[in-house]
Amino acid sequence: MWNKPSEHELRRLPALYSTEDVPLKEKMIYMHFFIGGCDWYAAEYDPENRIFFGFVILNNDLQNAEWGYFSLDELADLKFRFIEVDCDLYFTPRKAKSIEKIRKASAWKEEVLK
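Being a predicted model, the structure only gives us computed values, none of them experimental.

Conventions used here
- Residues numbered from 1 in each chain as written.
- Predicted model: local features only at pLDDT ≥ 70, side-chain atom pairs only at ≥ 80, totals over all residues.
- Heavy atoms only, no water.
- Helix = DSSP H or I, 4+ residues; strand = E, 2+ residues; numbered from the N terminus.
- Rg over C-alpha atoms; globule rule 2.2 N^0.38 Å.
- Buried < 20%, exposed > 50% of the residue type's maximum accessible area, 1.4 Å probe, protein only.
- Contact = heavy atoms within 4.5 Å.
- Phe/Tyr/Trp six-rings, centres within 6.5 Å; stacked < 30°, edge-to-face > 60°.

Chemist: Describe the overall build of the protein, and please don't skip the residues or the numbers.
Modeler: Helix and strand counts for the protein stand at 3 helices and 9 strands. Sequence-ordered secondary structure for the protein, helices as α and strands as β, is α-β-β-β-β-β-α-β-β-β-β-α. Relative to a compact globule of 114 residues, whose C-alpha radius of gyration would be 13 Å, the protein shows 14 Å and is just as compact. Across the 114 residues in the protein, those meeting the buried criterion constitute 43%. Nonlocal contacts in the protein, meaning residues at least 24 apart in sequence, comprise 55% of its contacts between residues at least 6 apart.

Chemist: Pulling in residues and values, what's your account of unusual backbone geometry?
Modeler: In this structure, Asn-59 is a non-glycine residue whose phi angle is positive, near 55°. Along the chain, Asn-59 falls in the loop between β4 (51–57) and β5 (66–71). With phi around 55°, Arg-81 is a residue other than glycine that occupies positive phi space. You can call Arg-81 exposed: its relative accessible area is 74%.

Chemist: Quick one: what's the story with the packing of aromatic side chains, residue by residue and with numbers?
Modeler: Applying the stated rule across the entire model yields 8 aromatic pairs. Relative to Phe-91, the ring of Tyr-41 has its centre 6.4 Å away and its plane inclined at 55°; by these criteria the two rings are tilted. A residue pair is termed long-range when its members are at least 10 positions apart, and Tyr-41 in strand β3 (residues 38–46) and Phe-91 in the loop between β8 (86–87) and β9 (94–95) qualify at 50 residues. An identical accessibility class is assigned to Tyr-41 and Phe-91; each is buried. Following the ring pairs from residue to residue traces out a cluster consisting of Tyr-17, Phe-53, Phe-55, Trp-67 and Tyr-69.

Chemist: Describe the environment of Ala-105, listing the residues and the values that go with them.
Modeler: Structurally, Ala-105 can be placed in helix α3 (residues 100–105). Given the relative accessible area of 18%, Ala-105 is considered buried. Ala-105 sits 84 residues away from Asp-21 along the chain, and the two C-alpha atoms are 21 Å apart.

Here it is in structure tokens:
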């Protein structure tokens, strides 16, 4: 994996299940991983099992994108020839509703900021 997050960076994410009462639109997304047309958006993390909860879009398929669990170790192992999954160094944590791909996949209408 390129730009693999450090243990310090991972500890900043909320614990798994700690935000389950937060509506999906309002969930904070803390990390973004990508390769080709695939995106993984992390909202929670379990350091013991190295598992995230977040939103996943595979092969730009917005219709079948969904919230769920994904493994840091499996992301780190994904490779296609010389290309590996990358952690977006320029990603700014923000609510799920403000991330265009999540909003489109979830069919949420764009909210007008006042």
